Amino acid sequence: MRQKHIQRKSRLLTRAILCLLATLIVLPTFTLRPHFGQTTFDYGDALEKAMWFFDANKCGPNAATDNVFSWRAACHTSDGSAASPARDLTGGFHDAGDHVKFGLPQGYSASVLGWSLYEYRAEFDSAGMTAKTLRTLKYYTDYFLKSHPNATTFYYQVGDGNADHGFWGSPELQTGSRPLIVATPSSPAGPSRAPSRPLQAPSTPSTKAARTAS
Ligand SMILES: [Zn+2]
């Protein structure tokens, strides 16, 4: 009986010590937060700013429409003129700091954005970002309809990233026709397509030996 009593007291003491340790560990965390001046995080504000990234990268004659950045204006209004026959491939979004438009990354970005809205609609609503997100998605889909005119044709790149890296200016100042790449049954995308730059075979001991021998 006495042994059971001692064991019970021992368990209670152990729990008390664990509670105290937990309190000592957690309390400084809370007391330190005001020290860094950051007690809460405004995820609604973060979401709004994340959406602004899309506005910064809008392309086409309507780039300035529904755009938070007053310095944005129409750009790359001749996209698609290099096609034969010429077609309208304006719109969509620049890839990042350069101005090339890649089909697959745009598809991924639009999918993740749409999926986010689908999964977290209440959060988008409470942040007042639902309408803006839907308009951004429409801007994407308008472009996809242009770049995917039928089941077997996909204009998956407009512009040249290497050329863009040598151009230090705003997209509005980058005028003229831009190169484009299209995937069709006779010219599919992927490794089977002849690359614009020939692939260099890596040097191997056998090729080095062959050069030495010759
Ligand atoms: Zn543009």
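Scroll up a little and you will see the structure.
Residues numbered from 1 in each chain as written. Predicted model: local features only at pLDDT ≥ 70, side-chain atom pairs only at ≥ 80, totals over all residues.

**Some remarks on the packing of helix α3 (residues 103-119) against helix α5 (residues 130-147)**
One can describe the packing of α3 onto α5 by two numbers: an axis separation of 10 Å at closest approach and a directional angle of 150 degrees. Taken together, the axes of α3 and α5 are roughly antiparallel relative to one another. Both α3 and α5 take part in a crossing whose hand is left-handed. Contacts between α3 and α5 pair Gly103, Gln106, Ala110, Leu113, Gly114 and Leu117 from the former with Thr130, Thr133, Thr136, Leu137, Tyr140 and Ser147 from the latter. A per-class count over the contact of α3 with α5 returns five nonpolar, seven polar and no charged. (Axes fitted to C-alpha atoms, helices over the stretch in contact; angles between N-to-C directions. Helix = DSSP H or I, 4+ residues; strand = E, 2+ residues; numbered from the N terminus. Parallel < 35°, antiparallel > 145°, perpendicular 65-115°, else oblique. Left-handed = near helix turned anticlockwise from the far one by under 90°. Contact = placed C-beta atoms within 7 Å. Nonpolar A, V, L, I, M, F, W, Y, C, P; charged D, E, K, R; others polar.)

**Considering α3**
With 17 residues, α3 extends 24 Å from end C-alpha to end C-alpha; this agrees with the ideal 24 Å at 1.5 Å per step. Those residues of α3 not exposed but buried are Gly103, Gln106 and Ala110. Buried residues along α3 cover an arc of 65 degrees about the axis, so they all sit on one side. Among the exposed residues of α3, those pointing more than 90 degrees away from its buried face are Leu104, Tyr108, Ser111, Val112, Trp115 and Glu119. Of the surrounding elements, those touching the buried residues of α3 are β1 (101-102), α5 and β2 (154-158). (Expected span 1.5 Å × (residues − 1). Buried ≥ 20, exposed ≤ 12 C-beta atoms within 10 Å, placed from the backbone. Arc of directions from axis to C-beta.)

By themselves, these are just geometric observations and shouldn't be taken as functional.
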